[in-house]
Amino acid sequence: MKPRVYVETTIPSYLTSRPSRDLIIAAHQQITQEWWDRKSGAFQLFASQFVIDEASAGNPALANERLSLIQPFPLLDVTPDVPMPASAILDSDKLPGKAATDAAHIAVAAVPSTEWYCL
């Protein structure tokens, strides 16, 4: 069985966005593309409704590209167990309060199993 990876919205965003002129973002795009081309096939990739919601926002053409990329991924359920760890993450001040969706990504990836990895 392949290791499982939760793919949050940054990955499809970097894979489908226009090349950035910002050197740091351009490097992130390149590293993401290299990982995708060379390594993604070694993993069972998952997303969640949070990823769908975020990927749907913005430029409609780019949103369609992001959604097409993640369409084959099975979606993890946002179970009733997700809000408590998401709140605990925010309460710990490890993430800023405005990062509630990021905390939800972490929680939805963590709740099903300790075998998950988050990218």
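Because the structure is predicted, anything quoted here is derived from the model rather than measured.

### Some remarks on the overall build of the protein
Reasoning step 1: Broken down by element type, the protein carries 6 helices and 4 strands.
Reasoning step 2: In sequence order, the protein lays out its α and β elements as β-α-α-β-α-α-β-α-α-β.
Reasoning step 3: Here the C-alpha radius of gyration of the protein, 15 Å, is about what a compact globule of 119 residues would show, namely 14 Å.
Reasoning step 4: A principal-axis box enclosing the C-alpha atoms of the protein has dimensions of 40 × 35 × 25 Å.
Reasoning step 5: Expressed as a percentage of the 119 residues in the protein, the buried residues total 31%.
Reasoning step 6: Contacts in the protein between residues at least 24 apart in sequence constitute 67% of all its contacts with a sequence separation of at least 6.
Reasoning step 7: In the form shown here, the protein has an accessible surface area of approximately 7,400 Å², with 57% of it arising from carbon and sulfur atoms.
Reasoning step 8: If you average the places of the 9 positive and of the 13 negative side-chain charges in the protein, the two averages end up 9 Å apart.

### Considering the confidence of the model for the protein
Reasoning step 1: Confidence in the prediction for the protein averages 87 pLDDT; 93% of positions are at 70 or higher.
Reasoning step 2: The weakest mean pLDDT in the protein belongs to strand β4 (residues 117-118) at 50; the strongest belongs to helix α2 (residues 23-38) at 97.
Reasoning step 3: Within the model, pLDDT remains below 50 along residues 113-117, and this stretch shows 11 contacts once partners closer than five positions in the same chain are excluded.

### Regarding the side chain of Q29
Reasoning step 1: Turning to its location among the elements, Q29 is positioned in helix α2.
Reasoning step 2: For Q29, a relative accessible area of 10% translates into the label buried.
Reasoning step 3: Leave out the neighbours within four places in its chain, and Q29 touches Y14, S17, R18, P19 and S20.

### Comments concerning the environment of A42
Reasoning step 1: Position of A42 among the secondary structure elements: in the loop between α2 and β2 (44-48).
Reasoning step 2: By relative accessible area, which is 43% here, A42 ends up partly exposed.
Reasoning step 3: For the pair formed by A42 and M1, sequence separation is 41 residues and the distance between their alpha carbons is 9.8 Å.
Reasoning step 4: The residues touching A42, leaving out its near neighbours within four places in the chain, are K2 and P3.

The rules behind each value
Residues numbered from 1 in each chain as written. Predicted model: local features only at pLDDT ≥ 70, side-chain atom pairs only at ≥ 80, totals over all residues. Heavy atoms only, no water. Helix = DSSP H or I, 4+ residues; strand = E, 2+ residues; numbered from the N terminus. Rg over C-alpha atoms; globule rule 2.2 N^0.38 Å. Buried < 20%, exposed > 50% of the residue type's maximum accessible area, 1.4 Å probe, protein only. Contact = heavy atoms within 4.5 Å. Areas by Shrake-Rupley, 256 points an atom, 1.4 Å probe, with all protein chains shown as cover. Lys, Arg positive; Asp, Glu negative; His and termini not counted. Charge placed at Lys NZ, Arg CZ, Asp CG, Glu CD. pLDDT = per-residue confidence, 0-100.

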